[in-house]
Amino acid sequence: MSILGLLPEHTLRSAYHARQASIRYPLLFAHGVVRRLLDRNLAPSRASSEALRREYLSLLERDFENATQDVYPRELLFEFPLRGYAWALPRLLAEVPRVAMRVRRGGWRELPDDVDTSRFPSYFRRTFHWQSDGYMSRRSARLYDLSVEVMFMGCGDVMRRQLIPPIATLASEHGAQPLRILDVGCGTGRTLQQIARAVPGQQYCGVDLSPFYIEEAREVLAGVPDVSLLAEDAEQLPFRDGHFDVVTSCFLFHELPRATRPRVMAEIFRVLRPGGLFVCEDSAQHAEAADLSEFLEAFAADMHEPFYLDYVQDDLALLAEKEGFEVSAVDRAWLAKVVTSRRPAH
Ligand SMILES: C[S@@+](CC[C@H](N)C(=O)[O-])C[C@H]1O[C@@H](n2cnc3c(N)ncnc32)[C@H](O)[C@@H]1O
């Protein structure tokens, strides 16, 4: 047992909150500076700010409870890939003026010249979040995880791991046979990495359209046995029907055009076995988070997320139900939501 298992709960809770505060305060300051640079002044109403704070604290509480109830290891509460982030930080800072210039000139088509972008769907050929190279370079992949943590005040991984509890429950009931777990739109592999920490000994698979992000995921997941990573399109998953016991997706659907979302949902349904579990995490939507509407809409305007505005007006749970999934829970996770569902057994 690690030292974290020996600490009294109130000491562990204080250490966890202190740790999050030490990340949050410098980032709040940095956000203010970047907003000035980009000339973006968000002045949310008091009610919205209170809702944001309340949901943030409830995310931290939920994270802490999951760890102390052994849903996932306590170590995850304090894990931050410091070495990688120390490498990325000066590079990310150097990106700030570049991104500011790109925003000013509206340069969302500025992709690397040496990549054949014609093999990707048109919606994908853009600098999502204004990030340099969009999803089309290793450089972008190396900066991605840190930029997510900066954007979400150190809660990127905290939000991602909120999709673990139903998988941990299924794994505890499943017996000796490893579960086949697929993460669709796996990006750099941070979700799979945390799933593998919480439910070790399973067969993991990640699919992402960006070969550059898949390369990065190979590094992030280098220590995980039995993992395969494929640069493939979620609209045409290269697996036979019913192959997986569990499918997850994290922050994928809000980036897809409205017409693409049902096609991806249908592919997920197809590759999941009857009775299998689908845990879908993505941005919050008005359906369950009307109190955060101001923030959700500001995000669409600021971040070059062209499909986000209609995404937030839709409801992921309804999209899953339309495909035939049986939704058992919709849980809020600060700026995200987790929709838990099953493919019917018959
Ligand atoms: C916002 S990122 C989320 C990545 C990761 N799941 C995470 O939690 O950080 C969205 C990811 O979806 C991927 N993506 C977008 N369209 C896709 C598609 N049609 N098939 C597979 N991946 C796709 C992108 O390459 C990107 O890595």
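This write-up is about the structure you can find in this document.

Cut-offs applied
Residues numbered from 1 in each chain as written. Predicted model: local features only at pLDDT ≥ 70, side-chain atom pairs only at ≥ 80, totals over all residues. Heavy atoms only, no water. Helix = DSSP H or I, 4+ residues; strand = E, 2+ residues; numbered from the N terminus. Buried < 20%, exposed > 50% of the residue type's maximum accessible area, 1.4 Å probe, protein only. Contact = heavy atoms within 4.5 Å. Areas by Shrake-Rupley, 256 points an atom, 1.4 Å probe, with all protein chains shown as cover. Patch = residues over 30% accessible without salt bridge, like charges linked within 9 Å, V, L, I, M, F, W, Y side chains within 5 Å. Salt bridge = Lys/Arg side-chain N within 4 Å of Asp/Glu carboxyl O. Near = heavy atom within 4 Å. Nonpolar A, V, L, I, M, F, W, Y, C, P; charged D, E, K, R; others polar. Axes fitted to C-alpha atoms, helices over the stretch in contact; angles between N-to-C directions. Parallel < 35°, antiparallel > 145°, perpendicular 65-115°, else oblique. Left-handed = near helix turned anticlockwise from the far one by under 90°. Phe/Tyr/Trp six-rings, centres within 6.5 Å; stacked < 30°, edge-to-face > 60°. Pairing = 2+ DSSP bridges. Expected span 1.5 Å × (residues − 1). Right-handed = clockwise from strand over helix to strand, strands pointing away.

Points about the overall build of the protein
- Each helix and strand in the protein was counted, giving 14 helices and 7 strands.
- Considered along the principal axes of its C-alpha atoms, the protein spans approximately 55 × 55 × 40 Å.
- Burial statistics for the protein: of 346 residues in total, 55% are counted as buried.
- Counting contacts in the protein only where the partners sit at least 6 residues apart, residues at least 24 apart contribute 74% of the total.
- Total accessible area on the protein stands at roughly 15600 Å², and carbon and sulfur atoms take up 55% of it.

Some remarks on a nonpolar patch on the surface
- Together, Phe-29, Val-33 and Leu-37 make up a nonpolar patch on the protein surface, roughly 310 Å² of accessible area in all.
- Structurally, Val-33 is set in helix α2 (residues 9–37).

A few points about the site of the ligand
- Around the ligand, 20 residues are found, and the nearest of them are Tyr-123, Gly-185, Asp-208, Ala-234 and Cys-250.
- Protein burial of the ligand: of its 600 Å² of free accessible surface, 99% is covered by the chains.
- The residue makeup of the shell around the ligand, split by class, is 11 nonpolar, 4 polar and 5 charged.

Things to note about the packing of helix α10 (residues 260–271) against helix α14 (residues 316–323)
- The interhelical angle for the contact between α10 and α14, taken along N-to-C directions, is 55°, at an axis separation of 9 Å. One finds that α10 runs oblique with respect to α14. Of the two possible hands of crossing, α10 and α14 adopt the one that is right-handed. Across the interface between the two elements, Arg-261, Pro-262, Met-265, Ala-266 and Phe-269 from α10 touch Leu-316, Leu-319, Ala-320 and Glu-323 from α14.
- Of the residues that constitute the contact of α10 with α14, the class distribution is 7 nonpolar, no polar and 2 charged.

Side note on the packing of aromatic side chains
- According to the stated counting rule, one finds 17 aromatic pairs in the structure shown.
- Ring centres of Tyr-135 and Tyr-213 lie 5.0 Å apart, and the angle between their planes is 85°; on these two criteria the pair is classed as edge-to-face. With Tyr-135 in the loop between α4 (82–105) and α5 (138–151) and Tyr-213 in helix α9 (residues 211–220), the pair connects residues that are 78 residues apart, well separated along the chain. Just as Tyr-135 is buried, Tyr-213 falls in that class too.

Describing the pairing of strand β6 (residues 326–333)
- Examined bridge by bridge, β6 and strand β7 (residues 336–342) share 7 bridges and lie antiparallel to one another. Its bridge partner being in β7, Arg-332 is matched across the sheet by Lys-337.
- Between β6 and β7, which pair antiparallel in sequence order, lie 2 residues; one of them, Trp-334, sits at a positive phi of approximately 60°.

Observations concerning the pattern of salt bridges
- For the structure shown, the criterion picks out 28 salt bridges.
- Between Asp-291 and Arg-54 there is a salt bridge; the shortest N-O distance is 2.6 Å. Placement of Asp-291 in the loop between α11 (286–289) and α12 (293–302) and of Arg-54 in helix α3 (residues 46–68) is noted, with a sequence separation of 237 residues between them.
- Residue Arg-54 is classed as partly exposed on the basis of its relative accessible area of 45%.
- Each of Arg-54, Glu-55, Asp-291 and Arg-332 takes part in salt bridges that share partners, so that together they form one network.

Regarding the packing of α4 against α5
- At their nearest, the axes of α4 and α5 sit 9 Å apart, and the two run at 90° to each other. When the axes of α4 and α5 are compared, the pair comes out roughly perpendicular. Contacts between α4 and α5 involve Tyr-85, Trp-87, Ala-88, Leu-89, Arg-91, Leu-92, Glu-95 and Arg-98 from the former and Arg-139, Arg-142, Leu-143, Asp-145, Leu-146, Ser-147, Glu-149 and Val-150 from the latter.

Some thoughts on α10
- Relative to the 16 Å expected for 12 residues at 1.5 Å per residue, α10 spans 17 Å between its end C-alpha atoms, a close match to the ideal helical length.
- Tucked inside the fold, the buried residues of α10 contact β1 (180–184), β4 (244–250), β5 (272–283), α13 (308–313) and α14.

Section: the sheet that holds strand β2 (residues 203–208)
- One open sheet holds the 7 strands; their spatial order is β3-β2-β1-β4-β5-β7-β6, and the pairing between them is mixed. Bordering the open sheet on either side are β3 (227–231) and β6, each of which pairs with just one other strand. Neighbour to neighbour, the strand axes of the sheet diverge by 15° on average, direction disregarded.
- Where β5 meets β7, 7 bridges bridge the pair, whose relative direction is antiparallel. Within β7, the position partnered with Cys-280 by the bridge is Val-339.

Section: the environment of Phe-80
- Its location among the elements puts Phe-80 in the loop between α3 and α4.
- For the pair formed by Phe-80 and Gly-154, sequence separation is 74 residues and the distance between their alpha carbons is 8.8 Å.
- Look past the residues within four positions of Phe-80 in its chain and what remains in contact with it is Arg-19, Ile-23, Tyr-85, Glu-149 and Gly-154.

Things to note about the pairing of β3
- Bridge analysis of β2 against β3 gives 5 bridges, and the strand direction is parallel. Residue Asp-208 lies in a different strand from β3, and its bridge partner there is Ala-231.
- Running through α9, the crossover from β2 to the neighbouring parallel element β3 is right-handed.

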